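Structural features, examined
Here is what each chain is made of, one letter per residue.
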2 protein chains.
Amino acid sequence: MRDVSIIAIGQIAVGEHWEKSIRHLAADAILAALKETNPARIDAMYIGNMMSGEATGQEHLGALIADFVGLRGVEAVKIEAACGSGAAAVRMGYMAVASGLSDFVIAGGVEKMTDAPGEVITAALAMAADADYETSQGLSFVSINALLMRRYMYEFGVRHEDFAGFTVNAHKNAMGNPHAMFPYPVTAAKFVEARMIADPINLLDSSPIGDGAAALILCPTELARQFTDKPIRIMASAIATDSVALHDRRDPLTLNAAFLSAQRAYSLAGITAEDLDLFEAHDAFTIMAALELEACGFAARGQGVRLAQEGQIGLDGRIPISTMGGLKGRGHPVGATGVYQIVEVVQQLRGEAGANQIKDCHIGMAQNIGGSGATVITHIMERSD
Amino acid sequence: MRDVSIIAIGQIAVGEHWEKSIRHLAADAILAALKETNPARIDAMYIGNMMSGEATGQEHLGALIADFVGLRGVEAVKIEAACGSGAAAVRMGYMAVASGLSDFVIAGGVEKMTDAPGEVITAALAMAADADYETSQGLSFVSINALLMRRYMYEFGVRHEDFAGFTVNAHKNAMGNPHAMFPYPVTAAKFVEARMIADPINLLDSSPIGDGAAALILCPTELARQFTDKPIRIMASAIATDSVALHDRRDPLTLNAAFLSAQRAYSLAGITAEDLDLFEAHDAFTIMAALELEACGFAARGQGVRLAQEGQIGLDGRIPISTMGGLKGRGHPVGATGVYQIVEVVQQLRGEAGANQIKDCHIGMAQNIGGSGATVITHIMERSD
């Protein structure tokens, strides 16, 4: 099996791009990556996307985007794993290079969510949940997370305001990210006052939908230095799954797929959670950030929220998360999010994170979650010095 | 890179399964494969599906199906490449085993199309085409193929009745397949009389939509004989792409991605078209079968239709196609079709094709097409004696 490295990244600002079609969004990110370094040959392209059919009336994104960026003919498919689609596409790219079947691979993610009516997007997002047993009962994707958050608060005696630290941190970091959708500060007081979405989740617990695209170029590590001075090596790539429906889990407050996925990744990388210099977490809702920190070994059960309260998730904290704004501040174009997370880890490891740069940054992790924890994809990356 | 073999297959009859949800359909096929041989551990599952979101309100099929068949925890994602989704999922499974990242992999395809209203399915199928430049002009997926067929007839002086042989052959073979949707004979006279769908394509030029699912279990060739006496070795797996929109191609009557994909596969397998004992073609429409035979090297440009006229595609012909009924006779549950094709090649190579068995069958090819030829996936398999 071949070792794999990332030799280029590309991303566009997350936002409302009404003037561009989904193929333009993807192309802008992919061409930005190819502008960083162009290996003269691309063998395959894997595109993460959740809802292009529902939101834009377009499936078949692999061939569509490959052609539009001038790569007509290459292997190209779309990968879907709800909000985990982006990192799942990176996983496929990793497999393609690791196997030896492809040398130069583009892994990208794209989502266009702001052209369609809100109810279409709400319905499409709910397709990440169980259509027969959750959605059919009237649950939306937000309300499923609200059930989780309510249970967490009840079980561990946590108050809603205790989650403020996640949102304050994410927005603070978004201010240093030119690609962030909401680069504005949020105070703990504002967090508490925000309007309710699905009790107890309010507007500032929730990540915003948006249009966005991000891309990576992967190649065998042994070739990487021909194309960049700062290759980033993928130490581990792992996917794990859980039941899609919340009620089918033994303990809804344990994200077991996040646990399994992180454990596999730690084992493959030969590290522990202590060795990580940053963690791009999937903070679609504040409750998800808390549960994920617990599942990945940064906090004991019921204690994830304390990391935010104690300031341990800041850029100079014990485990910096959402270092470029996270899903909350950068925005959450669902099928692209997992690729943005990896792009941001690469920026940090390269030392190109600007005002948000973490000092002595050697190893970073990105974890992308589909649904309420049913598909979890973890990548661990390191600087190659 | 590791050599990969197929150690088990499963499929359900294509039809109108109103009593079963999409997860039940997939599970029936996967459990049938696991019943053939259960390697005690499954590492990953790749599910081909095009339109579960549009047709059933359910995305996130990877985790959903993995959990439902008792494999909660394993790596699982959905792969989409329009009607090519099924074989694209097999390609991902092939990569996973070839890379060494996984030893035992399920590759499946599933589609549930008969519960939703016809106009929903027509719209969903059209998402295989270019939403901005084809569908927005009022083209449906059938009418795009009608444009191709009309042009073919004009360019090469072919009459509509000349295509009858494809349909007669497919339905004749479907009669020997217990999983076929339409195991009824069709005569050339009936073919000509069938009602028009999109001139010149009539009902009997067209494959039927349906509910269906099929699955394979893959593992390293070196382990395959521990699990089956009849392992089928994958000699080649290849994907190629073309423009999604027909008008963007230099020559609409050349399926360039089918050509590229077949050439890559022949080269990887070290064979030529002459060496194939059967070819499961993507006969979604009779015109597609003709164009595909040309692209894959069985006939010169404009001559593909002659193979059907001359009886060369029958079970004892020069190149048997649609040996178990093809898309026309077995049915075309779009995201599952590519897996059915491979399952059928395996049946032939194992000598388990019953009344439809091809004599001295050693090497078979399956080619799955997404859209009007924008994504083409080719697999070549051989019997391991």
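About the cut-offs
In this numbering scheme, every chain counts its residues from 1 along its sequence in written order. For this description, chains carry letters from A and ligands carry numbers from 1, given in the order in which they are written. Reporting in this predicted model follows two pLDDT cut-offs: at least 70 for local features of residues, and 80 or more for side-chain atom pairs to be given and counted; totals over whole chains, interfaces and linings ignore these cut-offs and use all residues. The side-chain quantities take in all heavy atoms of the structure and omit both hydrogens and water. Only DSSP runs of H or I with at least four residues qualify as helices, and only runs of E with at least two residues qualify as strands; both kinds are numbered from the N terminus onward. Here a residue-residue contact requires only that any non-hydrogen atoms of the pair lie within 4.5 Å. By the criterion applied in these results, polar contacts are pairs of N or O atoms within 3.5 Å in which, for protein atoms, one can donate a hydrogen and the other can accept it, and in which residues neighboring in sequence qualify only through two side-chain atoms. Only protein chains enter the accessibility calculation, which uses a 1.4 Å probe. A residue is then buried if its area is under 20% of the maximum for its type, exposed if over 50%, and partly exposed in between. Whether two strands pair depends on DSSP finding at least two bridges between them. Once two parts are put together, the accessible area they lose, assessed with a 1.4 Å probe and summed over both, is termed the buried area. We count a salt bridge whenever a side-chain nitrogen from Lys or Arg sits within 4 Å of a carboxyl oxygen from Asp or Glu. Charged residues are taken to be Asp, Glu, Lys and Arg, nonpolar residues to be Ala, Val, Leu, Ile, Met, Phe, Trp, Tyr, Cys and Pro, and polar residues to be all remaining types, Gly included.

A short note on the environment of His171 of chain B
All names here are of chain B. If you trace the backbone, His171 turns up in helix α7 (residues 164-174). Remark: the alpha-carbon pair of His171 and Gly351, spanning 180 residues in sequence, is separated by 21 Å. With sequence-adjacent residues up to four places away left out, His171 is seen in contact with Phe182, Tyr184, Pro185, Val186, Lys328 and Gly329. In terms of polar contacts, His171 uses its side chain to reach the side chain of Lys328, at 3.0 Å.

Section: the side chain of Asn49 of chain A
Residues and elements named next belong to chain A. Secondary-structure assignment places Asn49 in the loop between β2 (44-48) and α2 (52-56). Given a relative accessible area of 0%, Asn49 falls into the buried group. A polar atom in the side chain of Asn49 sits 2.9 Å from the backbone nitrogen of Ser52. At a separation of 2.9 Å, a polar atom in the side chain of Asn49 contacts the side chain of Glu111. Other than its neighbours up to four places away in sequence, Asn49 contacts Ile22, Leu61, Lys78, Ile79, Glu80, Ser85, Val110, Glu111 and Gly335.

A look at the pairing of strand β4 (residues 105-111) of chain A
All names here are of chain A. Most of β4 sits inside the fold, with seven of its seven residues counted as buried. Taking every second residue as pointing to the same face, both faces of β4 are buried, with Val105, Ala107, Gly109 and Glu111 on one and Ile106, Gly108 and Val110 on the other. As paired elements, β4 and strand β7 (residues 212-220) share seven bridges and run antiparallel to each other. The partner of Val105 across the bridge, within β7, is Leu218.

Observations concerning the interface of chain B and chain A
The interface is formed by 60 residues belonging to chain B together with 60 residues belonging to chain A. Approximately 4,500 Å² of surface area, both sides summed, lies buried where chain B meets chain A, with 54% of it carried by carbon and sulfur atoms. Contact with chain A buries surface across chain B, with His60, Glu80 and Leu101 of chain B losing the most and accounting together for 15% of the total. Inspection of the region where chain B meets chain A yields eight salt bridges. As a salt-bridge pair, Asp242 of chain A and Arg72 of chain B come within 3.9 Å of each other at their nearest N and O atoms. A total of eight residues in the side of chain B that touches chain A trace back to one element, the largest contributor, which is helix α4 (residues 85-99) of chain B. Here the residues of the side of chain B that touches chain A are counted per class, giving 31 nonpolar, 14 polar and 15 charged. Relative to strand β3 (residues 75-80) of chain B, strand β3 (residues 75-80) of chain A is paired through three bridges, and the arrangement is antiparallel. By the bridge assignment, Lys78 of chain A is partnered in β3 of chain B with Glu80 of chain B.

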